[in-house]
Amino acid sequence: MTRSFTQLAQSAALVLCLAPFGAAAPSLSLQDPVIGPQVYVPEVVKIDVEGNSRWSGEQIVSALGQPVGAPFEPLLIEAGLERLWRTLKVRAEVLKQEVSGGLRLVVRVTELPVDLEPRFVGNDGVGIETLLEWSGLTDTSELYLHQVSRVRQRLTESYKRDGYHFVQIDPLVKDDVVGDGLTGDVIFRIIEGPQVHVNGYEIRGNEALPDRGALFWKDGLSKFADLQLHGPRLFTPYGATFNSELLDADILAMRQVYRDNGFLDAVVELEELDFNEDSSRVTLRVVVDEGPQYRVSALEIEGVEFVKNPSNPQGPSAERPTALYFDEEELFALCMLKPGSVFDQVAVSADQRALRDYYGERGYLSHSSLPLEESWNFLEPDLSFDPEQALVRVKYKLSQGREYWIREVRLAGAYHTRDRVLRRQVTVQPGQRADLKEVYQSLRRITSTGFFSDDRDPINHRDPTFRFVPTDREDQIDVEFRVEEGRVVDAQLMGGVDSNDGLFGIVSLTMRNFDLTDLPSSFSDMFGEIYRKEAFHGAGQQLNIHISPGSEVSYSNIRFLEPDIFKTHYDRWILDVEYSDRDRIYRDYDEGRRRSTLEIGRQITNELNLYAGLEHQDVSVADRDLGGVIPPALASQDPETELSGFLLNLRYRDLDRRMNPSDGVHMRWLNSIYTTGLGGSAEFAKTHLFYDWYKPFGGDELSDEPSPSVHVRLGAGYAAPFGESDSVPYTERFFLGGYKTLRGFDFRGVGPNEGEAPLGGESVLNMSLEYRMPLYSTTRPGSFEKVEMFRLILFTDAGVLGPVDGELDFDELRASAGFGLGLTYPFPVVFNFGFPLEEGPGDRTEVFSFNIALM
């Protein structure tokens, strides 16, 4: 019963060779060679099965795989014996007998005892479905008795991972319950004990890294180690469930924190598991012996090259010193780690990035697609210790690789996108010396187009990447950008609600990589070809058709954008045409607005575009509360106002992602001059600047984990009448309030006010500062990259309006602070809680604001 399958197969082979039964007959060895046509191979004329009970003879013969009427094949028999064990859990041997016309085979099987329905008792805290999942069984699974100990081990480990530290599992096994020798009975008797939750760590001896602060402002050893076992928190009020595996990981993490901060002799050990009376809670007591903090006595930088062993070319390469390619003093100047400074890993990692970028800008590339011997690598530093003085001598070892020049820029995966659409985002050119920073910048621009991303399913869609491909010349290399066509056609039927616009529905079609000239083959095939990206796709154009009825806002829009009118790829000319129709119910009046724009843009850099154009608007004002107290500018505005004028806009965009960016800058400077000379009824000029800055903060650049980030938003605007107009129309003034500008206040709820109605401003200045901290992320399949799903936002907003002559009175400043919770996937949800810090007479406050979009 305990022999390995290899032994069983060998036994079966020996039986085949040496144990024919009946009259003596020539034996056939499994190892007999087949030489020429003179070798006789007998035919199998019959196969009998003995000893089977649960499985039929036909099932046994089918699994064996030796056909009746075919030549006898020993290797086929050997594979069949493996298959019988693997699929039917049957041990078998095959005997052969010469009979008239060929061979008769007898398959003697031994079926293992099995429980068709294993049972669990005592599982009060864990359901039967979970137990079956932990044990690797299903509702219809059979449990062979030899598997009982393995299942017990799985259940014990799973229970302990789920916090049941004291669990005991005793299987009760009966080999033969009905007298057939095959039917067993297994009962797993479970004594769960309490599910243990963690009160937290109590650490002593950590004088250099004491735990300080609270909530999101904590600092010290626990914060730096990112301990997995923690006490009660907002989303885990009972604390983490106790898990000894996570405890070991936490101890290792704390040790590593000390190593990273120069305490190279530090010892971190578990002192005690302190359980309460009923053992349902535990306090983890840890003791630290920090030892001295090591400082750098000297820093060296050494060049290293890898050479193949001539006697073993396939073996590992050997290191040997070589001269540095650049001046050593220049490299030293890039390093944070200096003689006399604390030896800490943050400085080492920063030095690695600085040296990598320095070499990478000069053609010495660091990338996983390059062979070790030919790429730049920062090897593990050599450390020489002086324990008595607590000093360490550090030697950085650089595998410098070789200088590369770009032979060709290749694009892969863009099966339906025009080559020029990708190439205009790439500033790496053939014939140039390779620049790793520029390659990454080109990749960032490709990603930020959104053409090769899927905002609806970022977890399963792979973002653009690149690799280097060797050529037939050692000093030349190809760079290949690899993309996967993204979700660029969105036909949506949506509903949503937010605190600015109320309830709304959306019917929309968005095509971000549109091609107006790529017509479908026929009307009947149009929708299928659009879905497969075979029609209206691939030229980088953008088409938006949007219809949104709502309780407070009804809106429709159509827009067409051609980013490269003359197909020049670089120094592009851009066409942007848009029409929109919006009806909005405000607190004091109803507004209708029809707007048409035509803009021609010019690419200045890859990130910066300048636009000039024409705009016409028809603005209607109705249902004004003329009997109440309303602003004079609103009371005096004509029911119908025409605005016609010139546009001059500047747009800068350098973001890591189109949606949910965490790094980069987005700036828009919008300027318009409205005049009666173009058919309008009002004359004024208006300028409005929007600036958004995103920066990762406090994370590790080399890590795949989403890092916290900072978002700064600035807004500034000014409007002034001229010519025949004495004031700026009320509908064109600036307003503040709501989740987009000043949280903690109602939409357009910020004064100065006339009664409870805002005067609006001829000038505006507002700012927001956000700290965004990921709370939960998941791993993208096929990679180690994490995708953020849930975040916490801490914010402060401030703003001021200048209602008269554009003059800002900072005594009228409004400010708020608060926090928000945001879900980024699978649909956007943002809940903000803003608390006014500065407010004025007539302001309408709103602590809670939200934005939800539902599919």
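The structure presented is a predicted model; accordingly, all values stated were derived computationally and were not measured.

Asker: Just to check I follow, could you spell out the packing of aromatic side chains for this structure?
Answerer: Centre-to-centre distance and the angle between the planes together describe a pair of aromatic rings. Per the stated rule, a full pass over the model turns up 29 aromatic pairs. Where F326 meets Y358, the ring centres are 5.3 Å apart and the plane angle is 85°; that geometry is what we call edge-to-face. Placement of the pair is F326 in the loop between β13 (318-322) and α8 (328-334) and Y358 in helix α9 (residues 345-360), with a sequence separation of 32 residues. Assessed through its relative accessible area of 9%, Y358 is described here as buried. Geometrically, the ring pair formed by F523 and F527 is edge-to-face, given 6.5 Å between the ring centres and 75° between the ring planes. Taken as a pair, F523 and F527 share a single burial class, namely exposed. A network of ring pairs unites the aromatic residues Y325, F326, Y358, Y359, Y364 and W376 as a single cluster. In this structure, R651 packs its charged tip against the face of Y611, placed 4.4 Å from the ring centre. A cation over an aromatic ring shows up here: R743 above the ring of F795, its NZ or CZ 3.9 Å from the ring centre.

Asker: What should I look at first to understand the sheet that holds strand β12 (residues 295-307) in this one?
Answerer: Adjacent strands of a sheet form backbone hydrogen bonds with each other and so pair up, either parallel or antiparallel. With respect to topology, four strands assemble into an open sheet ordered β13-β12-β15-β14, the strand pairing being mixed. Only two strands of the sheet have a single neighbouring strand rather than two, namely β13 and β14 (377-386). If you compare each strand with its neighbour and ignore which way they point, the axes differ by 35° on average. As judged from the five bridges shared by β12 and β13, these two strands associate in the antiparallel manner. Bridge assignment links V307 to a residue of β13, and that residue is A318. Along the sheet, α9 contacts β14 and β15 (391-399); its crossing angle with β15, the most-contacted strand, is approximately 25°.

Asker: Would you mind going over helix α4 (residues 128-135) with me for this structure?
Answerer: The periodicity of an α-helix, 3.6 residues per turn, causes residues three or four positions apart to be oriented the same way. Those residues of α4 not exposed but buried are L131, L132, W134 and S135. Around the axis of α4, the buried residues are gathered within 160° of arc, so they sit on the same side. Looking at α4, the residues exposed on the side facing more than 90 degrees away from the buried face are E129 and E133. Turning to α4, the residues buried within the fold contact β5 (119-121), α5 (148-161) and β8 (185-191). Positive phi shows up at G136, right after α4, with a value of about 80°.

Asker: How should I be thinking about the packing of α4 against α5 in this particular structure?
Answerer: At a minimum axis separation of 8 Å, α4 and α5 run at an interaxial angle of 120°. With respect to α5, the axis of α4 lies oblique. As for how α4 packs across α5, the hand of that crossing is right-handed. Contact with α4, carried on its side by L131, W134 and S135, involves V151, R154, L155, S158 and Y159 of α5 and no other residues of that element.

Asker: Would you explain the environment of R512 in this entry?
Answerer: Tracing the backbone shows R512 in strand β20 (residues 502-514). Along the chain, R512 and H537 lie 25 residues apart, while their C-alpha atoms are 8.6 Å from each other. Here the side chain of R512 touches G450 through a polar contact of 3.1 Å, landing on its backbone oxygen.

Asker: I tried to follow a nonpolar patch on the surface on my own but got confused; where do I start?
Answerer: Residues L614, F646, I673, L678 and F722 make up a contiguous nonpolar surface patch of roughly 430 Å² in combined accessible area. Mapped onto the fold, I673 is located in strand β27 (residues 664-674).

Asker: Help me understand the pairing of strand β18 (residues 476-482) in this model?
Answerer: Remark: a regular strand shows side chains that alternate across the two faces of the sheet. For β18, the tally of buried residues reaches six of seven residues, placing the bulk of the element in the interior. Two strands pair when backbone bridges link them, and strand β16 (residues 405-412) and β18 are joined in this way by seven bridges, in the parallel orientation. Of the residues in β18, the one forming a bridge with V409 is V479. Relative to β18, strand β17 (residues 465-470) runs antiparallel, the two being bridged by six bridges. Its bridge partner lying in β18, P470 is registered against I477. Taken together, β17 and the strand that follows it, β18, pair antiparallel across an intervening segment of five residues.

Asker: Hey, could you run me through the confidence of the model for the chain in this one?
Answerer: The predicted coordinates of low-pLDDT regions are not to be read in fine detail. When pLDDT is averaged along the chain, the result is 86, and 89% of the positions lie at 70 or above. Taken together, the stretch residues 1-36 has pLDDT below 50 and engages in 43 contacts with residues farther than four places along the chain or on a different chain.

Asker: Whenever I open this one, the pattern of salt bridges confuses me. Can you help?
Answerer: Side-chain pairs of opposite charge can arise whenever the charged atoms involved come near each other. A full pass over the atoms with the stated rule returns 54 salt bridges. With a closest N to O distance of 3.2 Å, K397 and E319 form a salt bridge. With K397 in strand β15 and E319 in strand β13, this residue pair connects regions lying 78 residues apart in the sequence. Judged by its relative accessible area of 10%, K397 falls in the buried class. Residues R418 and D515 are paired through a salt bridge, measuring 2.5 Å at the closest nitrogen-oxygen approach.

Criteria and thresholds
Residues numbered from 1 in each chain as written. Predicted model: local features only at pLDDT ≥ 70, side-chain atom pairs only at ≥ 80, totals over all residues. Heavy atoms only, no water. Phe/Tyr/Trp six-rings, centres within 6.5 Å; stacked < 30°, edge-to-face > 60°. Helix = DSSP H or I, 4+ residues; strand = E, 2+ residues; numbered from the N terminus. Buried < 20%, exposed > 50% of the residue type's maximum accessible area, 1.4 Å probe, protein only. Lys NZ or Arg CZ within 6 Å of the ring centre and 35° of its normal. Pairing = 2+ DSSP bridges. Axes fitted to C-alpha atoms, helices over the stretch in contact; angles between N-to-C directions. Contact = heavy atoms within 4.5 Å. Arc of directions from axis to C-beta. Parallel < 35°, antiparallel > 145°, perpendicular 65-115°, else oblique. Left-handed = near helix turned anticlockwise from the far one by under 90°. Polar contact = N/O pair within 3.5 Å; in protein donor to acceptor, adjacent residues only side chain to side chain. Patch = residues over 30% accessible without salt bridge, like charges linked within 9 Å, V, L, I, M, F, W, Y side chains within 5 Å. Areas by Shrake-Rupley, 256 points an atom, 1.4 Å probe, with all protein chains shown as cover. Salt bridge = Lys/Arg side-chain N within 4 Å of Asp/Glu carboxyl O. pLDDT = per-residue confidence, 0-100.

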